[in-house]
Amino acid sequence: MIIIRITLGIIFMSVTALITGSLKAYNWMRKDRDGKGGTIINISSIVALYQSPLMPVYSATKSAVLQFSNCLGKTEIFSRTDVRVITICFGVTDTNLIRGRVECIDKELEEKLLVALQKFPTQSIDSAVQGLLTAFESGTSGSTWLITTNKPAEDITKNVDKAYEILRQGVF
Ligand SMILES: NC(=O)c1ccc[n+]([C@@H]2O[C@H](COP(=O)([O-])OP(=O)(O)OC[C@H]3O[C@@H](n4cnc5c(N)ncnc54)[C@H](O)[C@@H]3O)[C@@H](O)[C@H]2O)c1
Ligand SMILES: CCCCC[C@H](O)/C=C/C=C\C=C\C=C\[C@@H](O)[C@@H](O)CCCC(=O)O
């Protein structure tokens, strides 16, 4: 079925490849294994910051990127390895990704997504790159940065921490 192929593709690209690639770089750079330290910047999305029915698969992969990168970048690990991990949540950005047809799990969702992508303000690539450079220059390990709607990059680490404080209630 086409949706299985698309779904497996997006999971492989956004999760499997990202995690294996990050861990390869991580193990190569980590100072406690004779590396020189370094920085990993992983690209999530605004869809990891809210729950929408439009792209459940894509949203799940971007939430996985956020959680994996935040956890890998935690101080307890960074203090031993000197490998800084930063997560970027881009808003809609004017690249080929949003120009092509985005296949959703059904036609109804695809039509709604098309409207959403047209309605949501699209930032320029230059603004997105400028924001990424800001995060690279200022971001601490485990930080999350919101880069959207041509606004300056915003460190939203505190928001993510607060969200997980709420989610963990009753867990421990
Ligand atoms: N554009 C947006 O609105 C937006 C918003 C949030 C997050 N993102 C994320 O940003 C990242 C980049 O997306 P984009 O908007 O630049 O998309 P894009 O389609 O413009 O660029 C993707 C690039 O990846 C290359 N590519 C595809 N498969 C590959 C593979 N197997 N190996 C190596 N290269 C491959 C393509 O050739 C292309 O150059 C993605 O993770 C996307 O989810 C994009
Ligand atoms: C208004 C929505 C927010 C957009 C920001 C986002 O990061 C941009 C995404 C642009 C394109 C996404 C393409 C995703 C493609 C595949 O996930 C999709 O074709 C697979 C099946 C549908 C799904 O549930 O993901």
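All of these numbers come straight from a predicted model, not from anything done at the bench. (Residues numbered from 1 in each chain as written. Chains lettered and ligands numbered in written order. Predicted model: local features only at pLDDT ≥ 70, side-chain atom pairs only at ≥ 80, totals over all residues. Heavy atoms only, no water.)

Draft legend 1. Spatial organisation of the site of ligand 1. If you check the shell around ligand 1, you find 14 residues, and the closest are Tyr58, Lys62, Gly91, Thr93 and Thr95. Here Tyr58 contributes a side-chain N or O atom positioned 2.7 Å from an oxygen atom of ligand 1. Secondary structure elements with two or more residues in the shell around ligand 1: strand 1 (38-45), helix 2 (56-72) and helix 4 (96-99). Here the residues of the shell around ligand 1 are counted per class, giving 7 nonpolar, 6 polar and 1 charged. (Near = heavy atom within 4 Å. Polar contact = N/O pair within 3.5 Å; in protein donor to acceptor, adjacent residues only side chain to side chain. Helix = DSSP H or I, 4+ residues; strand = E, 2+ residues; numbered from the N terminus. Nonpolar A, V, L, I, M, F, W, Y, C, P; charged D, E, K, R; others polar.)

Draft legend 2. Quick peek at the packing of aromatic side chains. Applying the stated criterion to the full structure yields 0 aromatic pairs. Directly above the aromatic system of Phe136 lies the positively charged group of Arg84, at a separation of 5.0 Å from the ring centroid. (Phe/Tyr/Trp six-rings, centres within 6.5 Å; stacked < 30°, edge-to-face > 60°. Lys NZ or Arg CZ within 6 Å of the ring centre and 35° of its normal.)

Draft legend 3. Quick look at the pattern of salt bridges. Here the structure, examined in full by the defined rule, presents 8 salt bridges. As a salt-bridge pair, Lys31 and Asp82 come within 3.0 Å of each other at their nearest N and O atoms. One end of the pair, Lys31, is in the loop between helix 1 (2-29) and strand 1; the other, Asp82, is in the loop between helix 3 (75-81) and strand 2 (83-90), and 51 residues separate them in sequence. By relative accessible area, which is 46% here, Lys31 ends up partly exposed. For Asp82, a relative accessible area of 28% puts it in the partly exposed group. The residue Glu103 makes a salt bridge to Arg101 at a minimum N-O spacing of 3.7 Å. Judged by its relative accessible area of 30%, Glu103 falls in the partly exposed class. One salt-bridge network, held together by shared partners, links Arg30, Asp32, Arg33 and Arg80. (Salt bridge = Lys/Arg side-chain N within 4 Å of Asp/Glu carboxyl O. Buried < 20%, exposed > 50% of the residue type's maximum accessible area, 1.4 Å probe, protein only.)

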